[in-house]
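The primary structure of each chain is shown beneath.
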Amino acid sequence: MTKYGDEYWMHQALQLAIRAQEEGEVPVGALLVLNNQVIGKGWNRTIRNNDPTAHAEIMALRQGGEYLQNYRLLNTTLYVTLVPCIMCAGAIVHSRIRRLVYGTDDKKTGAAGALIEILCHSGLNHQVTIMSGMLAEQCAAILSTFFYLRRKQQKAIKQMQ
């Protein structure tokens, strides 16, 4: 029996997305939970780290692996504010995450059915149970606001040139 529910953990992931936004990153947050305990957390750090693999999910998986001293993250649930991309979906499958709960979809990069289905592909040796749409409106709003402000800023810069 879980002490906290999916909505509680997704709210925590949203706080990590806000942290990414405060650092000038695309606001995506991820939380890895095992037995009602956070064992990994991450937010996008691709710009700060100059690392195209520094997505929120990857950062959370890395922490989880360090915590468990294992690259297999069995029986864990990963909470992410945005549907994972192809790279992150591959890492999720390889790490044997049991369950993924995510907020909003991305039809251009989503690897959990929006663009392509990786996490439940029958040809792979591991399939992930997926729950989509958890706090979808809040997750989508933070991304929409971020990109709106970024476009507005870029437009202002162009006008000044």
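Just so you know, these numbers come straight off a predicted model, no measurement behind them. (Residues numbered from 1 in each chain as written. Predicted model: local features only at pLDDT ≥ 70, side-chain atom pairs only at ≥ 80, totals over all residues. Heavy atoms only, no water.)

Draft legend 1. Representation of a nonpolar patch on the surface in the model. A cluster of nonpolar side chains, contributed by Ile86, Leu115 and Ile116, occupies part of the molecular surface with about 250 Å² of accessible area. Mapped onto the fold, Ile86 is located in helix 4 (residues 86–94). Residue classification places Ile86 among the partly exposed residues on the basis of a relative accessible area of 44%. (Patch = residues over 30% accessible without salt bridge, like charges linked within 9 Å, V, L, I, M, F, W, Y side chains within 5 Å. Areas by Shrake-Rupley, 256 points an atom, 1.4 Å probe, with all protein chains shown as cover. Salt bridge = Lys/Arg side-chain N within 4 Å of Asp/Glu carboxyl O. Helix = DSSP H or I, 4+ residues; strand = E, 2+ residues; numbered from the N terminus. Buried < 20%, exposed > 50% of the residue type's maximum accessible area, 1.4 Å probe, protein only.)

Draft legend 2. Quick look at the pattern of salt bridges. Enumeration according to the criterion identifies 3 salt bridges in this entry. Linking Glu23 and Arg48 is a salt bridge whose minimum nitrogen-to-oxygen distance equals 3.2 Å. Here Arg48 lies in helix 2 (residues 46–49) and Glu23 lies in the loop between helix 1 (6–22) and strand 1 (29–34), a separation of 25 residues in the sequence. Taken together, the shared-partner salt bridges in this structure form one network comprising Arg19, Glu23 and Arg48.

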